[in-house]
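# An overview of the molecular structure
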Amino acid sequence: MIPSPNARRRLTAAVVYPLIAGCAAVLLTLAAAPRDPQEARHEHRVGDHDFSDAERWSAHLDHAERSEWQRPESVVALMEVAAGMTAVDLGAGTGYFLPYLAAAVGRDGRVLALEPEPNLVDFMEERCEREGLVNVEPRRIPFDDPQLDAGSVDRILIVNTWHHIAARAAYSAKLLAALAPDGRVYVVDFVRESPIGPPPEERLEPHQVIRELEAGGLRSEQIEEDLPWQYVVVGRRP
Ligand SMILES: C[S@@+](CC[C@H](N)C(=O)[O-])C[C@H]1O[C@@H](n2cnc3c(N)ncnc32)[C@H](O)[C@@H]1O
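One structure accompanies this document, and this report is about it. Since we're looking at a predicted model, the values are computed, not measured.

### Comments concerning the overall build of the chain
Secondary structure summary: the chain contains 10 helices and 7 strands in total. Taken across its 238 residues, the chain has 53% of its residues classed as buried. If you take every contact in the chain between residues at least 6 apart in sequence, the share linking residues at least 24 apart comes to 73%. Surface exposure of the chain reaches about 10,800 Å², of which carbon and sulfur atoms provide 53%.

Next up, the structure:
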């Protein structure tokens with residue numbers, strides 16, 4: 001289970017945020033939406049889903065109100081990204097995190113935006129062009145392999161995506177192989193109490209993510225964050 005102080009904080013957040021921090025508007029918007037793709041996606045098995053409508057996904061993943069609960073600057077700050085690093089966004093979707101990662105690695109660094117859905121890769125290419133993200137490279141990958149060179153990556157960010165990957169222990173070993181010395185993997189996903197995200201029964205508890213990363217050889221732990229609906233697990237080279 002989540003350590004009790006964290007659990008208490010989140011239960012408090014579950015009551016206070018919607019009322020006080022402006023999240024009520026977000027939740028009402030989400031409730032009013034005919035379909036939340038983050039939920040719709042979970043009706044399908046990995047490799048069998050339809051992410052082809054990139055514009056529709058962007059309407060949700062890139063919604064302006066997402067920043068209220070996703071707090072992308074805060075997530076990237078947790079990752080301790082330094083200028084010149086190589087950072088990966090695994091399952092990058094429409095590229096929501098790319099501007100933040102691109103700024104963090106700077107002109108001498110680079111960001112690899114890995115994504116199995118070809119239309120989303122095209123969407124990210126257009127986004128990089130439009131937003132001048134010259135240090136970002138969108139890449140299409142298969143579902144079971146990030147296809148990263150050994151020892152080539154400093155940071156790997158995996159947001160709302162880890163639970164989509166099928167053989168996660170084997171996948172963890174591939175991530176470990178890709179890490180440079182002091183390289184790290186950050187998994188960000190929804191807590192069970194969250195009013196948004198995949199159906200609760202499909203959510204992974206932090207301890208399960210830790211076990212899966214450790215099965216692949218990564219030294220892993222849950223870390224403190226300020227996200228109302230998500231937890232963060234970091235995996236490091238042993
Ligand atoms: C809910 S979206 C999250 C997108 C992005 N990380 C964000 O937070 O905006 C999940 C993403 O995971 C991708 N995905 C699904 N299975 C995957 C796999 N096996 N490997 C890598 N990405 C995968 C999907 O194509 C989709 O873009």
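### Description of a negative patch on the surface
Taken together, the side chains of Asp50, Asp53, Glu55, Asp122, Glu125 and Glu126 present a region of like negative charge at the surface. The greatest single-element share of the negative patch, amounting to 3 residues, is contributed by helix 8 (residues 118–131). As for its placement among the helices and strands, Glu55 is situated in helix 4 (residues 54–61).

### Some points on the site of the ligand
The environment of the ligand is formed by 17 residues, the closest being Arg66, Gly91, Glu115, Phe143 and Val159. Gly91 has a polar backbone atom sitting 2.7 Å from a nitrogen atom of the ligand. In the model, an oxygen atom of the ligand is placed 3.3 Å from a nitrogen or oxygen of the Thr161 side chain. Within the complex, 99% of the 590 Å² of free accessible area of the ligand lies under protein. Tallied by class, residues from the shell around the ligand come to 9 nonpolar, 6 polar and 2 charged.

### Details of the sheet that holds strand 5 (residues 179–190)
If you trace the 7 strands from one edge of the open sheet to the other, you get 3-2-1-4-5-7-6, paired in mixed fashion. Bordering the open sheet on either side are strand 3 (136–140) and strand 6 (219–223), each of which pairs with just one other strand. On average, each strand axis in the sheet is inclined to that of its neighbour by 20°, with strand direction left out of account. Relative to strand 4 (residues 153–159), strand 1 (residues 86–90) runs parallel, the two sharing 3 bridges. Pairing of Ala87 across the sheet is with Arg155, part of strand 4. Here helix 8 sits on the sheet in contact with strand 2 (110–115) and strand 3, set at roughly 165° to strand 3.

### A few points about the pattern of salt bridges
One pass over the structure, following the stated rule, counts 9 salt bridges. For Arg110, the salt bridge goes to Glu137, with nearest N and O atoms at 3.7 Å. Remark: Glu137 occurs in strand 3 and Arg110 occurs in strand 2; sequence separation between them is 27 residues. Looking at Glu137, the relative accessible area reads 32%, which means it is partly exposed. Residues joined by salt bridges that share partners form a network here, namely Asp62, Arg127 and Glu131.

### Details of the packing of helix 9 (residues 168–178) against helix 10 (residues 206–215)
Direction vectors running N to C along helix 9 and helix 10 enclose 60°, while the axes themselves pass 7 Å from each other. Between helix 9 and helix 10, the angle falls in the class oblique. Crossing of helix 9 against helix 10: the hand is right-handed. Residue-level contacts link Arg168, Ala169 and Ser172 of helix 9 to Gln208, Glu212, Leu213 and Ala215 of helix 10. In terms of residue class, the contact of helix 9 with helix 10 is made up of 3 nonpolar, 2 polar and 2 charged.

### Brief notes about the nonpolar core
In this structure, Phe97, Leu98, Val136 and Leu157 are the most contacted members of the largest nonpolar core, which totals 27 residues. Of all the secondary structure elements, the ones that give two or more residues to this core are helix 6 (72–78), helix 7 (98–105), strand 2, helix 8, strand 4, strand 5 and strand 7 (230–236). Tallying contributions element by element places helix 7 first for this core, with 4 residues. When residues no more than four places from it in sequence are discounted, the contact partners of Val136 are Leu98, Ala102, Val111, Ala113 and Cys128.

### Concerning helix 10
For helix 10, every residue scored as buried is listed here: Pro206, Val209, Ile210, Glu212 and Leu213. For helix 10, the angular spread of the buried residues around the axis is 165°, confining them to a single face. Turned more than 90 degrees off the buried face of helix 10, the exposed positions are Arg211 and Ala215. Packing partners of the buried residues in helix 10 comprise helix 9, strand 5, strand 6 and strand 7. Phi turns positive, to about 105°, at Gly217, one or two residues after helix 10.

Here is what the cut-offs are and how they apply
Residues numbered from 1 in each chain as written. Predicted model: local features only at pLDDT ≥ 70, side-chain atom pairs only at ≥ 80, totals over all residues. Heavy atoms only, no water. Helix = DSSP H or I, 4+ residues; strand = E, 2+ residues; numbered from the N terminus. Buried < 20%, exposed > 50% of the residue type's maximum accessible area, 1.4 Å probe, protein only. Contact = heavy atoms within 4.5 Å. Areas by Shrake-Rupley, 256 points an atom, 1.4 Å probe, with all protein chains shown as cover. Patch = residues over 30% accessible without salt bridge, like charges linked within 9 Å, V, L, I, M, F, W, Y side chains within 5 Å. Salt bridge = Lys/Arg side-chain N within 4 Å of Asp/Glu carboxyl O. Lys, Arg positive; Asp, Glu negative; His and termini not counted. Charge placed at Lys NZ, Arg CZ, Asp CG, Glu CD. Near = heavy atom within 4 Å. Polar contact = N/O pair within 3.5 Å; in protein donor to acceptor, adjacent residues only side chain to side chain. Nonpolar A, V, L, I, M, F, W, Y, C, P; charged D, E, K, R; others polar. Pairing = 2+ DSSP bridges. Axes fitted to C-alpha atoms, helices over the stretch in contact; angles between N-to-C directions. Parallel < 35°, antiparallel > 145°, perpendicular 65-115°, else oblique. Left-handed = near helix turned anticlockwise from the far one by under 90°. Core = buried A, V, L, I, M, F, W, Y, C linked by side-chain atoms within 4.5 Å. Arc of directions from axis to C-beta.

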